[in-house]
Amino acid sequence: MSDIACLSKGSYVTFRNELSGIIEDGAWIAGALFDLKPFVSIEDYYTKLCDFLSQLSVIAQVGIIRCYPQLISTDKTTLSKESTDEHEMRFKNISTSSTLTIRELNSQYIEKFQFPFISCVKENSVENILELMHARIGNTYQEEVKMNMQQIQRIAWYRLVDKFKLEAKL
Ligand SMILES: NC(=O)N[C@H]1NC(=O)NC1=O
């Protein structure tokens, strides 16, 4: 496994392919970040990725948010390799009643915002996720774009850590 500093010295295609899963459907994001080389560490890549994401227009951010699968979706075809692992880790022992409540809250949330509710499942228990869903559904559109983008950044951090086998510190 190459580290980020090595990837940074290699070809565009390898770089984009290796980092395309850090953000869902994120090959274009990795491709854009290639121009911000060199990356000396994962923290360096993460900081530049977060800056890049926060500078995007709201419409582009919403486009990214819509690439994420719903939590405990009945449609498994929407799950990438990364999100499949995350879902399995968090939801393998979930009760039927929590599953049904999360699915019902997902529907209400999507109806209101027209994009999925996102929470970094590596940082949130099922109980937390339920609380967050109840609370966040009352937020405004702008607040939820912001919340989802923050969660996407957290998810990206854990994906980088998993990929490059670091300890999660940030
Ligand atoms: N909807 C949503 O939060 N999806 C995700 N969360 C996470 O940690 N991985 C995902 O794919």
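Residues numbered from 1 in each chain as written. Predicted model: local features only at pLDDT ≥ 70, side-chain atom pairs only at ≥ 80, totals over all residues. Heavy atoms only, no water.

> Would you explain the layout of surface pockets in this entry?
Where empty space is left becomes clear once a probe the size of a water molecule has been rolled over the atoms. Taken as a whole, the largest pocket spans an internal volume of roughly 200 Å³. What lines the largest pocket is Glu-18, Gly-21, Ile-22, Lys-81, Glu-82, Asp-85, Glu-86, Lys-122, Arg-159, Asp-162 and Lys-163. Breaking the lining of the largest pocket down by element, the ones donating at least two residues are helix H6 (81-91) and helix H9 (141-164). A breakdown of the residues in the lining of the largest pocket according to their chemical character gives one nonpolar, one polar and nine charged. Roughly 150 Å³ of internal volume is contained in the second largest pocket. (1 Å grid on protein atoms, 1.4 Å probe; cavity = no way out; pocket = protein on both sides within 12 Å on 5 of 7 lines; lining within 4 Å. Points joined across faces, edges and corners; volume = space filled by probe spheres on them. Helix = DSSP H or I, 4+ residues; strand = E, 2+ residues; numbered from the N terminus. Nonpolar A, V, L, I, M, F, W, Y, C, P; charged D, E, K, R; others polar.)

> Honestly, the packing of helix H7 (residues 96-113) against helix H8 (residues 126-136) in this entry has me stumped. Any pointers?
In a pair of packed helices, the angle between the axes and the distance between the axes together describe the arrangement. Contact geometry of H7 with H8 gives a least axis separation of 10 Å together with a crossing angle of 30°. In terms of axis orientation, H7 runs roughly parallel to H8. The two elements H7 and H8 cross, and the hand of that crossing is left-handed. Seen from H7, the contacting residues are Ser-98, Thr-101, Ile-102, Leu-105, Asn-106, Tyr-109 and Phe-113; seen from H8, they are Val-126, Ile-129, Leu-130, Met-133, His-134 and Arg-136. A class-by-class count of the residues in the contact of H7 with H8 yields eight nonpolar, four polar and one charged. (Axes fitted to C-alpha atoms, helices over the stretch in contact; angles between N-to-C directions. Parallel < 35°, antiparallel > 145°, perpendicular 65-115°, else oblique. Left-handed = near helix turned anticlockwise from the far one by under 90°. Contact = heavy atoms within 4.5 Å.)

> What exactly am I supposed to notice about the side chain of Asp-44 here?
Its place among the elements puts Asp-44 in helix H4 (residues 42-55). Among residues more than four places away in sequence, those in contact with Asp-44 are Pro-38 and Phe-39.

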